[in-house]
Number of protein chains: 2
Amino acid sequence: MGSKNKLKRFKENETFANVVQPAREDVLAGFKYKGNWASFFGNYNPIVLELGCGKGEYTVGLAQMNADRNHIGIDIKGARFWRGAKTALEQELNNVAFLRTQIELVDHLFGEGEVSEIWITFPDPQIKYKRTKHRMTNPVFLERYKKILKPGGIINLKTDSEYMHGYTLGLLQGLGHEIIYANHDVYKNEGAPPEVLEIQTFYENQYLENGKPITYIQFRIN
Amino acid sequence: MGSKNKLKRFKENETFANVVQPAREDVLAGFKYKGNWASFFGNYNPIVLELGCGKGEYTVGLAQMNADRNHIGIDIKGARFWRGAKTALEQELNNVAFLRTQIELVDHLFGEGEVSEIWITFPDPQIKYKRTKHRMTNPVFLERYKKILKPGGIINLKTDSEYMHGYTLGLLQGLGHEIIYANHDVYKNEGAPPEVLEIQTFYENQYLENGKPITYIQFRIN
């Protein structure tokens, strides 16, 4: 994307009622919506996050399928989720928000037990061993997710990376967490929820065109 | 391999002094070499296993590199390791044995702390979630390995499977075991021991020809 186009999108994001762009310092000092997202949405519906939402395909897709839940896509790349924010506004989906900040801060963005469900969609697998600390399902991230999830809250991981799929399954098994469902090739096997099969991200479409299997894990943190 | 050739190899295995082919019942009832492999080799040198040894490339290769250790390749497919056994005899390597039995029985084959090191080379990754119990680095297998390894004993996993590599790393991290070294592409990164880079199995050569990265983990069970 050209930098001119990017600047235009940044500007437009500022005018979007469904986009929240806090400064890092403000998040760390005590974020105004932490524990208080009901005030943003004007209701107490369950909150579903997409972490690393990219263009926001999952956030918008899930919001279309579930009008009785609030959906928040989080990403640091505002020019990307501009697409999802714009679509949500055009379709008058008032159960959608996009939050421009770092995923590492997720436990500063939501109160304890404020979140019902988390989606992690096609994250960077961080395949190098030294990159373990940046992998979005490592033990540190799992602890952050646990803090903000309500008891029994669900985490979904959809990825084309066999490495990421394997690492997460092994870690969950080692830590004794509950694996609700796991599949190494969801489009060729039964049992995946409709949300997994009916929503495709931009990258997922490319993987599918190249015949790459898509994996999926649904789990709980004990 | 034709069945005629297989039969010939089975027959020849029976005449090889370096091949041991116990009946399953005899292994379960109390295997004669369990805790007593020094009597087989005629010395108390450290014992190194290759689990699922195939043609025995690693067993023979490691034995060539380390004359002061005893090397045992284990596999149920006797017609395959015939190759390694034959080579070891031709080269007069008296620190090599091949053991025809099921890997699941490994803790019935060796006494407590009798083994110094284990190699798992290009195992079936068992990528389906329901096959977890057959994966050679699952928690049940790790407990078997722990029983027969001496304190501080080392396990090596070499595989082309990103899934197997990831699963094992995640599991080890979750269980709190010690990862000594891990790499997602050993031929393109520094730090792997010479044994990892200088010995190639039959399948590994095919993977390398196809440009597939080879992964490696060296670890200890606490």
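Everything numeric here is computed off the predicted structure, so don't read it as measured data.

A.B. asks: In this structure, what is going on with the pairing of strand S2 (residues 47–51) of chain A? I would like to understand it.
C.D. replies: Two faces belong to every sheet, and in a regular strand the side chains alternate between them. Residues and elements named next belong to chain A. Counting buried residues in S2 gives five out of five residues, a clear majority hidden from the surface. Of the two faces of S2, the one carrying Ile47, Leu49 and Leu51 and the one carrying Val48 and Glu50 are both buried. Summarising the sheet, S2 and strand S3 (residues 70–75) pair through five bridges and their orientation is parallel. The residue bridging valine 48 from the neighbouring strand is histidine 71, located in S3. Handedness of the S2-helix H4 (residues 57–65)-S3 crossover: right-handed. Inspection of the sheet shows S2 paired to strand S5 (residues 115–121) by four bridges, in the parallel sense. Counted as the bridge partner of leucine 51 is isoleucine 120 from S5.

A.B. asks: Honestly, the environment of A:Ser116 in this entry has me stumped. Any pointers?
C.D. replies: Residues and elements named next belong to chain A. Among the structural elements, serine 116 can be located in strand S5. Among the residues examined, serine 116 registers a relative accessible area of 14% and is labelled buried. Measuring from C-alpha to C-alpha, the distance between serine 116 and tyrosine 187 comes to 26 Å, with 71 residues separating the pair along the chain. Once residues within four sequence positions are removed from consideration, serine 116 is found in contact with Pro46, Ile47, Leu149, Lys150, Gly153 and Ile154. Of the polar contacts made by the side chain of serine 116, one reaches the side chain of lysine 150; its length is 3.4 Å.

A.B. asks: Please clarify how helix H8 (residues 162–175) of chain B should be interpreted in this entry.
C.D. replies: Within an α-helix, residues lying three or four positions from one another point in the same direction, as the helix has 3.6 residues per turn. For H8(B), built from 14 residues, the straight-helix expectation of 20 Å at 1.5 Å per residue is met to within 8% by its first-to-last C-alpha distance of 20 Å. Counting buried residues in H8(B) gives 11 out of 14 residues, a clear majority hidden from the surface. Taken residue by residue, H8(B) has B:Tyr163, B:Met164, B:His165, B:Gly166, B:Tyr167, B:Thr168, B:Leu169, B:Gly170, B:Leu171, B:Leu172 and B:Gly174 as its buried positions. In the core, the buried residues of H8(B) are packed alongside helix H8 (162–175) of chain A together with helix H7 (139–148), strand S6 (149–159), strand S7 (178–183) and strand S8 (215–220) of chain B. Immediately downstream of H8(B), the backbone of B:Gly176 shows phi near 75 degrees, a positive value.

A.B. asks: I keep staring at unusual backbone geometry and nothing clicks. Help me out?
C.D. replies: Most peptide bonds are trans, and most residues other than glycine sit at a negative phi. Despite not being glycine, A:Glu92 has its phi angle at roughly 55 degrees, a positive value. Its location among the elements puts A:Glu92 in the loop between helix H5 (78–90) and strand S4 (96–100).

A.B. asks: Mind showing me how you'd approach the sheet that holds strand S1 (residues 19–20) of chain A here?
C.D. replies: Within a beta sheet, neighbouring strands are joined by backbone hydrogen bonds and run either parallel or antiparallel to one another. Residues and elements named next belong to chain A. Read from one edge to the other, the open sheet built from eight strands follows the order S1-S4-S3-S2-S5-S6-S8-S7, with strand pairing classed as mixed. Bordering the open sheet on either side are S1 and strand S7 (178–183), each of which pairs with just one other strand. As judged from the six bridges shared by S5 and strand S6 (residues 149–159), these two strands associate in the parallel manner. Counted as the bridge partner of valine 115 is leucine 149 from S6. Strands in contact with helix H7 (residues 139–148) are S2, S5, S6 and strand S8 (215–220); relative to S6, the strand with the most contacts, it is inclined by about 135 degrees.

A.B. asks: Any chance you could explain the UniProt feature "binding site: substrate" (unreviewed entry) in chain A here in plain terms?
C.D. replies: Under the UniProt annotation, the feature "binding site: substrate" (unreviewed entry) is placed at A:Lys128, A:Asp160, A:Thr201, A:Phe202, A:Tyr203 and A:Glu204. Over a stretch of 77 residues, the named residues are scattered through the fold, their C-alpha atoms separated by up to 24.5 Å. Among the structural elements, A:Lys128 can be located in the loop between S5 and H7. Leaving out residues up to four positions away in the same chain, A:Lys128 has contacts with A:Arg135 and B:His184. Judged by its relative accessible area of 12%, A:Asp160 is buried. Setting aside its immediate chain neighbours within four residues, A:Asp160 contacts A:Phe122, A:Tyr207, A:Lys212, A:Pro213 and A:Ile214.

A.B. asks: When you look at the UniProt feature "binding site: S-adenosyl-L-methionine" (unreviewed entry) in chain A in this model, what are you seeing that I'm missing?
C.D. replies: Residues and elements named next belong to chain A. Listed under "binding site: S-adenosyl-L-methionine" (unreviewed entry) in the UniProt record, and renumbered for this structure, are Glu50, Asp75 and Asp124. Separation in sequence by 75 residues is not matched in space for these annotated residues, since their most distant C-alpha atoms are only 14.3 Å apart. Relative to the elements of secondary structure, glutamate 50 occurs in strand S2. Glutamate 50 has contacts with Gly56, Tyr58, Thr59, Ile72, Gly73, Ile74, Trp119 and Thr121, leaving out every residue within four places of it along the chain. Counting through the fold element by element, aspartate 75 comes out in strand S3. Under the relative-accessibility criterion, aspartate 75 is labelled buried at 9%. Ignoring anything within four residues of it in the chain, the contact list for aspartate 75 reads Gly52, Cys53, Gly54, Phe81, Leu99, Arg100 and Thr101. Side-chain polar atoms of aspartate 75 contact the backbone nitrogen of cysteine 53, separated by 3.0 Å.

A.B. asks: For this particular structure, what's the right way to read the sheet that holds strand S1 (residues 19–20) of chain B?
C.D. replies: Residues and elements named next belong to chain B. Sheet architecture is open: eight strands sit in the order S1-S4-S3-S2-S5-S6-S8-S7, paired in mixed fashion. Looking at which strands have only one partner, the edges of the open sheet turn out to be S1 and S7. Taken together, the five bridges between S7 and S8 define a ladder with antiparallel strand orientation. The residue of S8 that forms the bridge with asparagine 183 is tyrosine 216. Against the sheet, H8 engages S6, S7 and S8, with an angle of about 20 degrees to S8.

Thresholds applied
- Residues numbered from 1 in each chain as written.
- Chains lettered and ligands numbered in written order.
- Predicted model: local features only at pLDDT ≥ 70, side-chain atom pairs only at ≥ 80, totals over all residues.
- Heavy atoms only, no water.
- Buried < 20%, exposed > 50% of the residue type's maximum accessible area, 1.4 Å probe, protein only.
- Helix = DSSP H or I, 4+ residues; strand = E, 2+ residues; numbered from the N terminus.
- Pairing = 2+ DSSP bridges.
- Right-handed = clockwise from strand over helix to strand, strands pointing away.
- Contact = heavy atoms within 4.5 Å.
- Polar contact = N/O pair within 3.5 Å; in protein donor to acceptor, adjacent residues only side chain to side chain.
- Expected span 1.5 Å × (residues − 1).
- Axes fitted to C-alpha atoms, helices over the stretch in contact; angles between N-to-C directions.
- UniProt positions renumbered as here; feature names shortened; annotations may be inferred.

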